[in-house]
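# Examination of the molecular architecture
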Amino acid sequence: MSKAATADHASDDNYLTNTKGIMSWIVTLDHKRIGLMYLIGVMVSFAIGGTLALILRAHLYNPQGSFLSNDAYNQVFTLHGAVMIFLFIIPSIPAALGNFLVPVMLGAKDVAFPRLNLSSFYLWCAGAVFFLFALCTTGLDTGWTFYTPYSTTTSTSVIAATTGVFILGFSSIFTGLNFIVTVNTMRPPGMTWFKMPLFLWAIYSTAVIQVLATPVLGITLLLLICERLMHIGIFDPAFNGDPVAFQHFFWFYSHPAVYIMILPAFGVISELMSVHSHKSIFGYRFIALSSIAIALLSFLVWGHHMFTSGMSEITTIIFSALTFTVSVPSAIKVFNWLATMYKGSISLTTPMCYALAFMFLFTIGGLTGLFLGTLTTDLHLHDTYFVVSHFHYVMMGGTLVAFLGGLFHWWPKMTGKMFNETWGRISAAIVFIGFNLTFLPQFVLGSRGMPRRYASYDPEFTGLHRMSTVGAFTLGFGLLVALIVLLHSLYRGKKAPRNPWGGATLEWRCSSPPPYYNFERPPVVGNPYYFGDLEYDAKSDDYVFTEPDREVVPQKLEPAPQHVDSKKDA
């Protein structure tokens with residue numbers, strides 16, 4: 001086998017050094033820089049939301065509460081939920097990692113609409129400003145769901161927060177539209193639908209939900225603002241409105257939004273499982289099609305959030321049955337990831353440690369969802385800590401852990417720096433322990449009847465609450481270690497090779513970090529999960545693509561035909 005110069009030569013000129021100065025970042029149209037700016041934005045939002053969570057858990061250390069009034073507690077948990085969902089989880093993987101990776105994985109120079117891409121980032125910033133305004137003025141105490149009629153009557157900053165969500169919705173739609181057009185029109189020759197990396201399938205499915213479902217939330221929140229300002233009688237029963245109608249509209253978006261949050265995480269885990277098991281993904285087509293199935297089914301199950309709202313029996317039965325159908329494509333993914341690891345050459349790198357943590361945590365989150373999809377058990381568990389724990393196992397144990405795994409996986413490609421593997425694994429272990437210590441006790445609390453959103457509780461729940469608080473601070477410490485590991489690599493990390501993990505998708509064929517236009521020449525498209533032509537080069541600590549030795553066989557020349565002398569024969 002000969003090592004092939006597969007693509008670009010390593011160069012110091014990359015997207016980070018191509019242009020300099022603050023204006024080169026503010027007005028950049030480069031998808032990679034926009035992805036990095038998103039990454040910084042969502043990490044700051046996560047720090048704010050996480051700090052609010054720690055304040056809540058510290059307050060709940062004592063049964064009567066430690067330092068927050070009941071009103072202040074309501075505002076803190078509302079802002080924790082709203083910031084985490086609208087400013088962190090929804091944009092974390094699609095906007096940050098997706099912006100950076102989608103064009104590179106396609107072998108393209110950029111997304112289809114670079115200016116629209118930049119405008120969506122500034123819309124996200126504008127929405128975040130409205131949230132900060134709500135945080136710094138009268139706060140917000142409606143819960144992240146903005147349920148009416150309370151949200152139409154409270155004196156807190158509902159209009160500022162809902163305006164922020166309205167603007168964030170436009171940002172999400174623009175990003176989704178950009179990805180749909182990019183994947184449809186900019187795939188290179190040879191990259192058919194079933195030769196796309198599974199991360200692109202996940203991002204594409206997510207984009208479909210973003211474009212179709214987000215407008216419903218935007219219109220709903222616009223109607224909510226009109227109701228508060230003009231009392232036109234849509235959701236407020238005091239003016240002949242119907243508050244349950246708000247719940248239908250809200251959950252018609254917000255349950256698909258759950259899959260906006262988790263589908264990109266599925267795409268990340270598919271890449272991590274295959275690359276770090278050094279084995280072709282098992283059941284490629286099933287995983288790809290299950291992403292589309294989840295996207296479509298997500299529009300049919302919003303009613304399971306409202307089993308206790310007074311819907312008819314037949315309606316609740318139908319929604320319960322539809323809810324169980326969503327578990328089928330989700331289970332397909334988990335089984336195929338397990339089969340991918342089977343007989344694979346698994347490297348317990350930091351990204352793989354996070355991927356394994358995801359498998360465990362998401363499986364718990366998915367299985368406990370069955371209790372909430374079942375009518376008989378949901379009636380007892382509704383609005384208890386069981387729901388809180390289930391939600392966090394899916395959203396944080398799923399999306400956050402996958403986001404961290406993806407961040408560690410593509411960090412060398414994004415920054416050109418390697419991080420400390422030992423401390424990376426330690427951070428994954430602390431996050432895993434802290435997460436379970438935080439949320440496993442909450443399943444028990446919920447099953448024993450502890451309601452959520454209460455600032456105080458009966459003394460019998462003290463032990464479990466304190467265990468959860470200790471776990472939350474352990475989790476926060478683990479996340480801090482992960483952040484320090486990444487930041488430390490920027491200053492002390494060794495230079496990252498082109499392909500440190502041995503991936504076969506196109507982003508590993510360009511230098512680390514990529515050049516401004518990603519590739520100096522169009523890369524050759526192949527099977528994204530074929531590892532037979534990859535070979536580890538110990539000298540450069542890099543995986544290089546190889547080509548089979550080709551033997552040139554000389555052709556035997558045929559003897560020249562002998563011409564018959566016709567005159568002589570005659």
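Quick caveat: nothing in here was measured; it's all calculated off a predicted structure. (Residues numbered from 1 in each chain as written. Predicted model: local features only at pLDDT ≥ 70, side-chain atom pairs only at ≥ 80, totals over all residues. Heavy atoms only, no water.)

Now for the overall build of the protein. Within the protein, the regular secondary structure consists of 16 helices and three strands. For the C-alpha atoms alone, the extent of the protein along its principal axes is close to 120 × 55 × 50 Å. Counting the 570 residues in the protein, one finds 56% classified as buried. Pairs at least 24 apart in sequence give 81% of the contacts found in the protein among residues at least 6 apart. In the form shown here, the protein has an accessible surface area of approximately 24100 Å², with 67% of it arising from carbon and sulfur atoms. If the 32 positive side-chain charges of the protein are averaged to one point and the 30 negative ones to another, these points end up 6 Å apart. (Helix = DSSP H or I, 4+ residues; strand = E, 2+ residues; numbered from the N terminus. Buried < 20%, exposed > 50% of the residue type's maximum accessible area, 1.4 Å probe, protein only. Contact = heavy atoms within 4.5 Å. Areas by Shrake-Rupley, 256 points an atom, 1.4 Å probe, with all protein chains shown as cover. Lys, Arg positive; Asp, Glu negative; His and termini not counted. Charge placed at Lys NZ, Arg CZ, Asp CG, Glu CD.)

Before going further, it helps to spend a moment on the pairing of strand β2 (residues 534-537). Both β2 and strand β3 (residues 542-547) contribute to a ladder of four bridges, which runs antiparallel. Residue E535 lies in a different strand from β3, and its bridge partner there is V544. Counting the residues in the hairpin turn of β2 and β3 gives four residues, including D541, whose phi is positive at 50°. (Pairing = 2+ DSSP bridges.)

What follows is about the UniProt feature "domain: Cytochrome oxidase subunit I profile" (unreviewed entry) in the protein. Listed under "domain: Cytochrome oxidase subunit I profile" (unreviewed entry) in the UniProt record, and renumbered for this structure, are residues 25-526. For residues 25-526, the end-to-end C-alpha separation is 34 Å, with 71% helix and 0% strand making up the annotated structure. (UniProt positions renumbered as here; feature names shortened; annotations may be inferred.)

Two numbers describe how helix α3 (residues 70-106) lies on helix α6 (residues 158-185): the axes approach to 11 Å, and their chain directions differ by 20°. Classified by the angle between their axes, α3 and α6 sit roughly parallel to one another. Two packed elements cross with a definite hand, and for α3 against α6 that hand is left-handed. Two secondary-structure elements touch here, α3 through F86, L87, P94, G98, N99, V102 and L106 and α6 through V165, L168, F179, T182 and V183. (Axes fitted to C-alpha atoms, helices over the stretch in contact; angles between N-to-C directions. Parallel < 35°, antiparallel > 145°, perpendicular 65-115°, else oblique. Left-handed = near helix turned anticlockwise from the far one by under 90°.)

The tally for this structure, following the rule as stated, stands at four salt bridges. Residue K32 is joined to D30 by a salt bridge in which the shortest nitrogen-to-oxygen separation is 3.0 Å. Each member of the pair K32 and D30 is classed as buried. Note that D383 and R452 form a salt bridge whose closest N and O atoms lie 2.7 Å from each other. With D383 in the loop between α12 (375-381) and α13 (385-415) and R452 in the loop between α14 (421-447) and α15 (462-492), this residue pair connects regions lying 69 residues apart in the sequence. The class for R452 is partly exposed, based on a relative accessible area of 22%. (Salt bridge = Lys/Arg side-chain N within 4 Å of Asp/Glu carboxyl O.)

Take the nonpolar core next. Core analysis: the largest hydrophobic core is formed by 158 residues, its most contacted members being F86, L97, F146, F199, W337, F358 and W410. Tallying contributions element by element places α3 first for this core, with 23 residues. Excluding its chain neighbours within four sequence positions, the residues that come into contact with F146 are F86, L140, S151, A161, T162, V165, L221, L224 and F246. Within the second largest apolar cluster, five residues are counted, among which are A504, F531, L534 and F545. (Core = buried A, V, L, I, M, F, W, Y, C linked by side-chain atoms within 4.5 Å.)

Right, let's talk about unusual backbone geometry for a bit. Glycine aside, residues mostly have negative phi angles, and peptide bonds mostly take the trans form. Each neighbour pair has its own omega, and for T148 with P149 the value is 5°, a cis peptide bond. One can find P149 in the loop between α4 (114-136) and α5 (150-153). Phi at K343 is positive, roughly 65°, even though this residue is not glycine. Relative to the assigned elements, K343 resides in the loop between α10 (313-341) and α11 (350-373). With relative accessibility at 70%, the residue K343 sits in the exposed group.

So, about the confidence of the model for the protein. For the protein, per-residue confidence averages 90 on the pLDDT scale, and 94% of positions sit at 70 or higher. Here residues 4-10 is modelled with pLDDT under 50, and outside its nearest four sequence neighbours on either side it reaches 20 contacts, counting other chains as well. Note on residues 566-570: pLDDT is under 50 here. Beyond four places in sequence and across chains, it has one contact. (pLDDT = per-residue confidence, 0-100.)

What follows deals with the packing of aromatic side chains. Summed over the entire model, instances satisfying the criterion amount to 43 aromatic pairs. Between F266 and W337, the ring centres sit 5.8 Å apart and the planes meet at 55°, which makes this aromatic pair tilted. Linking F266 in helix α8 (residues 243-277) with W337 in helix α10, this pair joins segments that are 71 residues apart in sequence. A relative accessible area of 0% places W337 in the buried class. Among the aromatic residues, those joined into a ring-pair cluster are F86, F131, W144, F235, F246, F249, F250, W251 and F391. The side chain of R33 reaches across the aromatic face of W25, ending 4.3 Å from its centre. (Phe/Tyr/Trp six-rings, centres within 6.5 Å; stacked < 30°, edge-to-face > 60°. Lys NZ or Arg CZ within 6 Å of the ring centre and 35° of its normal.)

The next subject is the environment of W423. Position of W423 relative to the elements: it lies in helix α14. On the basis of relative accessibility, which here comes to 46%, the residue W423 falls in the partly exposed class. C-alpha separation for the pair W423 and A482, spaced 59 residues apart in sequence, amounts to 7.8 Å. In this view, W423 contacts V481 and V485; residues no more than four positions away in its chain are not counted.

What follows concerns helix α7 (residues 198-230). The end-to-end C-alpha distance of α7 is 48 Å, a good match for the 48 Å that 33 residues give at a rise of 1.5 Å each. The sharpest bend along α7 reaches about 35° and sits at A213, with the proline P215 one to four residues further on. Remark: H231 follows α7 within two positions and exhibits a positive phi of approximately 50°. (Expected span 1.5 Å × (residues − 1). Bend = angle between axes of the 7 residues up to and from the residue.)

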